[in-house]
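Observations on the model geometry
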Amino acid sequence: MSETNLVRLATEAGIGVITIDNPPVNALSPGVPEGIITALRAAEADPAIGAIVLIGAGRSFIAGADIRQFGTGRARLPLGSRVYDVLDACAKPVVAAIHGYALGGGLEIALACHYRIAVPSAKVGLPEVLIGILPGGGGTQRLPRLIGPRAALDMIVTGRHVPAPEARTLGILDAVLADGADLRAGAIAFAQSIAATRPLPRVRDRTDRLAEAREDPALFDTVRKSIARRARNQKAPYNCILAVEAACTLPMDAGLAREQELFAELENSDEARALRYAFFAEREAAKLPDLPAGIAPREIRTAAVIGAGTMGGGIAMSFADFGIPVRILDSTPEALARGMDRIRSNYATSVRRGSLAQEEMDRRLARIHPVAAYADLADADLVIEAVFEEMDVKRPVFRALDQVMKSGALIFSNTSALDIDALAAETGRPDDVAGTHFFSPANVMKLLEVVRGTQSSPETLVSAMALGRKIGKIPAMAGNTDGFVANRSRAPFNSEMVILLEEGCLPEQVDRVMVDFGYPMGPFAVGDLAGLDIGAADRRRRAAANPNYRTLPIADRLVELGRYGQKTGAGWYRYEKGDRTPHPDPEVARIIAETVARLGVAQKSFTDQEILHRLLFASVNEACRILEEGKAYRASDIDVMWLHGFGFPRYRGGLMFWADGIGVRAVHDQIAAWHQEHGERWAPARLLTDLAATGTPFREAKAAPMV
Ligand code: T1G
């Protein structure tokens, strides 16, 4: 599109209205900044124009710089001639008129204007830190001048979106229009009202709020300490703080130069490349390349959940949290009552922590309706089965749902591994059946693994993916295989971590390595949280189905001894009453030694890297098998699942992106060596061998057609 298409200038009642029109989110793609500069200069030169309005076409103001341009080496306009600088120097007042989003460079453009107004539903933010960089368009220098360094640090270091009313209170916005007001008309009227006002209120001239830093010299170190755990191994959050610090210690132009230096340190960092990759991988996962385009999802106005246990309750909350009325049923009134109590308790905890208002808790609870019979679910648009993870329990549920649910209702299962086709076969409408696998806690974890049955219709699959987005999840498609994609790719990791104990590791050593890598918790501590009895049941099922299944005697021994984890006060670790802190337990070391002696396994010491690679390479290998079997569309979908299902550190991009950083040949060669040393479980996947032979990165692997 030419600059004039991307940005156009019109004059209305003495006001020059500059409209940015770069769908879908008015990103500052090549031609957009240049177009704004051209329009500004024309408006400045036009005597018929007394003031200027900057507004976005479509659904938003400006969503920021075009993220696809980063890392491409594309030259950026030098300081002094960028759109922010031209706005800042404009001789006529410019009003930013904001709807939808003003994010990143979009908000920085608004900050370089003289005034900012918005509709109530608008949101503003500087989310650059979330993609591993920092606001490079003057935001780190202007925002502290406008709202003070403390509030500016909160926005810039967290990257959070700020709703218009709060932005008004903070001082970012000069006005928020009334509900339903026409933004363009409101902006023109506002521009007319200030057209003659001089001097022009340039943000760079505001220094009063910077006094906050002088009054609190410890401000920046306090923020650095407050983010230490969350920003572990990352650079961008700390550079954000340094940039804001510069705003409080340097004149504006020197501060802008310092901002550029700090930005340049980040743009091509591993952290930024990984976070940019994750951003686009999440959006790519929503695309179903083998389904016809343009399929409309079924409308979901009401939902139902079968099973009021931990998962069923969390799923019901997921609907209520996003305004969807949901009915919930369990096998007995007592079980249902327990489920409702758990839901109330979960919400009450959020209210107690201050993350949820009491009124909002009441509104959400009012959307969750316990019911006594299947017949009470009949007119729901969708139902999710979340009963006990046994086929003998699930089959009759699916038969009952088939009897009662209205025609066209979507019938989903939350099963984490069981055969979707077998469940669909219990109904007369297998095309309406699919898996929607939530991750615990279901109302918190973002991943929704959509599992396609052989007969799931395209409309059913599109509807399941749309449901994910509707309830704030990140949906990703999986083929119907044991463990689907997320848990199947994770299974070798879960085995290998225990096998390492047979060879000389201790749980706390493995956990330290994985926490240092960036996981919020070590895998053994996570096991204690989830319950070791659940893993043992899964191993029994797999061993019954596969005589070659590699058993885990140490893990089985703990379960035999009743050490299920936090719920029994001891598992891989010991727990003090009422305290969830894991403590290394000499009893576990004794159990390990006893088992090792019985197995006669040679002992060795491990480097941190070997522990890390033994766990993650095992899963990379399984991920290759999943791709070659056509059970996932793309390697980046597996990354999305690891980011949002297992807490893989986002600044490393995802399992496969991280493996690409090591190199497909190096990964292959190490796996081949472990194949020689440890046997068949380490046999390199065929796809891995093929990728290594051609040097093709994992993220460019061609998956087999989804089956
Ligand atoms: N650049 C390029 N493409 C973008 C984009 C961006 N900034 N934002 C969105 N897209 C694409 C996205 O990939 C998808 O493409 C489509 O638009 C719809 O997006 C100088 C350096 C605005 C809240 O970080 O947070 O400014 O999949 O599905 O759910 O200091 O998009 O359709 O092909 O997400 O309604 C800072 C990133 C950039 C904002 C809308 N800005 N975007 O969410 O739609 S760095 C951001 C978002 C910067 C300056 C710095 C969200 C959204 P496709 P979507 P949505």
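These numbers come from a predicted model, not from an experiment.

1. As for helix α17 (residues 391–404)
- Under the 1.5 Å per step criterion, the end-to-end length of α17 is 20 Å for 14 residues, consistent within 8% with the ideal 20 Å.
- Looking at α17, one finds that the buried residues are Met391, Lys394, Val397, Phe398, Leu401 and Asp402. Down the axis of α17, the sector holding all buried residues measures 135°, keeping them to one side. Away from the buried face of α17 by more than 90 degrees, exposed residues Asp392 and Gln403 are located.
- On the buried face of α17, the contacting elements are β10 (303–306), β13 (382–385), β14 (410–413), α18 (420–424) and β15 (433–438).

2. As for the domain arrangement of the protein
- Taken domain by domain, the protein consists of domain 1 (3–268), domain 2 (303–482) and domain 3 (505–603).
- Taking only C-alpha atoms, the centre of domain 1 and the centre of domain 3 are 51 Å apart.

3. Observations concerning the site of the ligand
- In the vicinity of the ligand lie 28 residues, with Arg59, Ala65, Glu108, Gly136 and Arg283 positioned nearest.
- Taking Gly105, its main chain carries an N or O atom lying 2.8 Å from an oxygen atom of the ligand.
- In the environment of the ligand, an oxygen atom lies 2.8 Å from a nitrogen or oxygen atom belonging to the backbone of Gly136.
- Of all the secondary-structure elements, those providing two or more residues to the shell around the ligand are β5 (101–103), α4 (105–112) and α13 (270–284).
- Looking at the shell around the ligand, the element that brings in the most residues is α13, giving three residues.
- Across the shell around the ligand, the residue classes break down as 16 nonpolar, five polar and seven charged.

4. A word on the nonpolar core
- Core analysis: the biggest nonpolar cluster contains 100 residues, and Met514, Trp572, Leu616, Trp642, Phe648 and Phe698 have the highest contact counts within it.
- Built from parts of two domains, this core gets at least three residues from each of domain 2 (303–482) and domain 3 (505–603).
- Those residues in contact with Leu616 that lie beyond four places of it in its chain are Phe493, Met514, Phe517, Tyr519, Trp642, Phe648, Leu655 and Trp658.
- Core analysis: the second largest hydrophobic core is formed by 92 residues, Leu54, Cys90, Ile117 and Phe263 among them.

5. Structural notes on the pairing of strand β16 (residues 447–452)
- In terms of burial, β16 is a largely internal element, six of the six residues being buried.
- What you see with β16 is no split at all: Leu447, Glu449 and Val451 on one side and Leu448, Val450 and Arg452 on the other are buried throughout.
- As paired strands, β15 and β16 are joined by four bridges and run antiparallel to one another. Looking at β16, one finds that Gly435 is bridged to Val451.
- In this sheet, strand β17 (residues 474–479) lies alongside β16 in parallel orientation, the contact comprising six bridges. Bridge assignment links Leu448 to a residue of β17, and that residue is Pro475.
- As a crossover connection, the stretch from β16 through helix α19 (residues 458–470) into β17 is right-handed.

6. Topic: the environment of Ala380
- Along the chain, Ala380 turns up in the loop between β12 (368–370) and β13.
- Residues Ala380 and Lys406 lie 26 residues apart in sequence; the distance between their C-alpha atoms is 7.5 Å.
- For Ala380, the contacting residues outside a window of four places in its chain are Thr302, Ala303, Ala304, Arg327, Met405, Lys406 and Ala409.

7. A closer look at the side chain of Asn239
- Tracing the chain through its elements places Asn239 in helix α11 (residues 236–249).
- For Asn239, a relative accessible area of 2% corresponds to the buried category.
- Within the structure, the side chain of Asn239 is placed 3.0 Å from the side chain of Glu265, a separation counted as a polar contact.
- Every residue in contact with Asn239, bar those within four places of it in the chain, is listed here: Leu134, Leu262, Glu265 and Leu266.

Thresholds, definitions, all that
- Residues numbered from 1 in each chain as written.
- Predicted model: local features only at pLDDT ≥ 70, side-chain atom pairs only at ≥ 80, totals over all residues.
- Heavy atoms only, no water.
- Helix = DSSP H or I, 4+ residues; strand = E, 2+ residues; numbered from the N terminus.
- Expected span 1.5 Å × (residues − 1).
- Buried < 20%, exposed > 50% of the residue type's maximum accessible area, 1.4 Å probe, protein only.
- Arc of directions from axis to C-beta.
- Contact = heavy atoms within 4.5 Å.
- Domains from an automatic or database assignment.
- Near = heavy atom within 4 Å.
- Polar contact = N/O pair within 3.5 Å; in protein donor to acceptor, adjacent residues only side chain to side chain.
- Nonpolar A, V, L, I, M, F, W, Y, C, P; charged D, E, K, R; others polar.
- Core = buried A, V, L, I, M, F, W, Y, C linked by side-chain atoms within 4.5 Å.
- Pairing = 2+ DSSP bridges.
- Right-handed = clockwise from strand over helix to strand, strands pointing away.

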